[in-house]
Amino acid sequence: MKKFKFKIDGSEYEVSVNEIDKNIAEIEVNGTPFTVEIERQEKSVLSINRKPAGKVNPVTTPTRLVSASSIKSPLPGVIVKVLVQPGDTVKRGDVLLTMESMKMENNILAEEDTVIKTVYVQPGQSVLQDDILIDFECTASAVQARVSVPDSASVIPPAPKTAATITVKSPLPGSVIKVYVTVGQSIKRGDTLLTLESMKMENNILSEKSGVIKAIHVVAGQTVMQEDALVDME
């Protein structure tokens, strides 16, 4: 098994190539399994094939400095749907657009409350990795809406953190399907803490150590971003 590390738009991805049988490869991206087809060329270059999505036009990357208020394509692919337009106010976790990559549809989410400034892509358009998709307004006064907070009756108040507290964070953006633990519960290494749906796949988040649950930061149905805190334990 070969392992690789990639850093895309500030996010780190660990890719493991588990098995290659002829032109089919079994890989894992941050623990999520994928099956990809490999096209072998004369110079032994590996390329991932994707199914065609009709007539598409290549994206034209704006010839200007890319600021932190821009969102870029994490992978090569084809735009399937664009759900926002300039002037729209979006909340953290809202779906901005859907793109097809490696024969899977992936939702591109807003990382913070903001306002759409410019949309550079349209359905059916091909994009390359790091092509600019959307620009945002960066002024705080431009945003009035905020992420809705779950009903206070369902929120578990966090316990004070100590030096021994470990925070389990989300490995990928997605939606919490079910939480299996409660505050004060003793767990063992390998126990399932919660189930997270990401890229149309269910992923069990397991405890890496034995301990006691001190706080739970999410509820079922909640959208989370990569590196968001899920559970505190010690």
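The following refers to the structure shown. (Residues numbered from 1 in each chain as written. Predicted model: local features only at pLDDT ≥ 70, side-chain atom pairs only at ≥ 80, totals over all residues. Heavy atoms only, no water.)

## What to know about the overall build of the protein chain
As a reminder of what qualifies: Where helices and strands are cited, they refer to DSSP runs of H or I of at least four residues and of E of at least two residues respectively, numbered from the N terminus. Exposure classes here rest on a 1.4 Å probe applied to the protein chains alone. A residue is buried below 20% of its type maximum, exposed above 50%, and partly exposed in between. Every residue pair with non-hydrogen atoms within 4.5 Å of one another is taken to be in contact. Areas reported as accessible are Shrake-Rupley estimates using a 1.4 Å probe. Residue values count occlusion only from the protein chains shown.
The number of helices and strands found in the protein chain is 0 helices and 21 strands. The proportion of buried residues among the 234 residues of the protein chain is 35%. Look at the contacts in the protein chain between residues 6 or more apart in sequence, and 54% of them connect residues 24 or more apart. Of the roughly 14200 Å² of accessible surface on the protein chain, a fraction of 51% belongs to carbon and sulfur atoms.

## Re the side chain of Ser170
Along the chain, the position of Ser170 falls in the loop between β14 (166–169) and β15 (174–179). With residues near it in sequence (within four places) discarded, Ser170 still touches Leu196, Val224, Met225, Gln226, Glu227, Asp228 and Leu230.

## As for the pattern of salt bridges
Quick note on the threshold: Salt bridge, as applied in this entry: a Lys or Arg side-chain nitrogen positioned within 4 Å of an Asp or Glu carboxyl oxygen.
Tallied over the entire structure, the rule returns 2 salt bridges. Across the salt bridge formed by Arg92 and Asp228, the nearest N and O atoms sit 2.5 Å from each other. Residue Arg92 is found in the loop between β8 (89–90) and β9 (95–101), and its partner Asp228 is found in the loop between β20 (223–224) and β21 (229–233); the two are separated by 136 residues along the sequence. On the basis of relative accessible area, Arg92 is assigned to the partly exposed category, the value being 34%. Its salt-bridge partner being Lys214, residue Glu234 comes within 3.8 Å of it at the nearest N-O pair. Here Glu234, found in the segment after β21, pairs with Lys214, found in strand β19 (residues 211–216); they are 20 residues apart in sequence, far enough to count as distant. Looking at Glu234, the relative accessible area reads 35%, which means it is partly exposed.

## Quick word on the sheet that holds β21
We apply this condition: Strands were regarded as paired on the criterion that DSSP finds at least two bridges between them.
Taken together, the 4 strands give an open sheet; going across it, the order is β14-β21-β19-β16, and neighbouring strands pair in antiparallel fashion. Only two strands of the sheet have a single partner each, and these edge strands are β14 and β16 (186–187). With 4 bridges connecting them, β14 and β21 associate as antiparallel partners. Residue Lys169 lies in a different strand from β21, and its bridge partner there is Ala229.

## Things to note about the side chain of Asp135
How we decide: Nitrogen and oxygen atoms within 3.5 Å of one another constitute a polar contact, given that in protein one can donate a hydrogen and the other can accept it, and given that sequence-neighbouring residues count only through two side-chain atoms.
Along the chain, Asp135 falls in strand β13 (residues 132–137). A polar contact is formed between the side chain of Asp135 and the side chain of Ser70, at a distance of 2.4 Å. A distance of 2.8 Å separates a polar atom in the side chain of Asp135 from a polar atom in the side chain of Tyr120.

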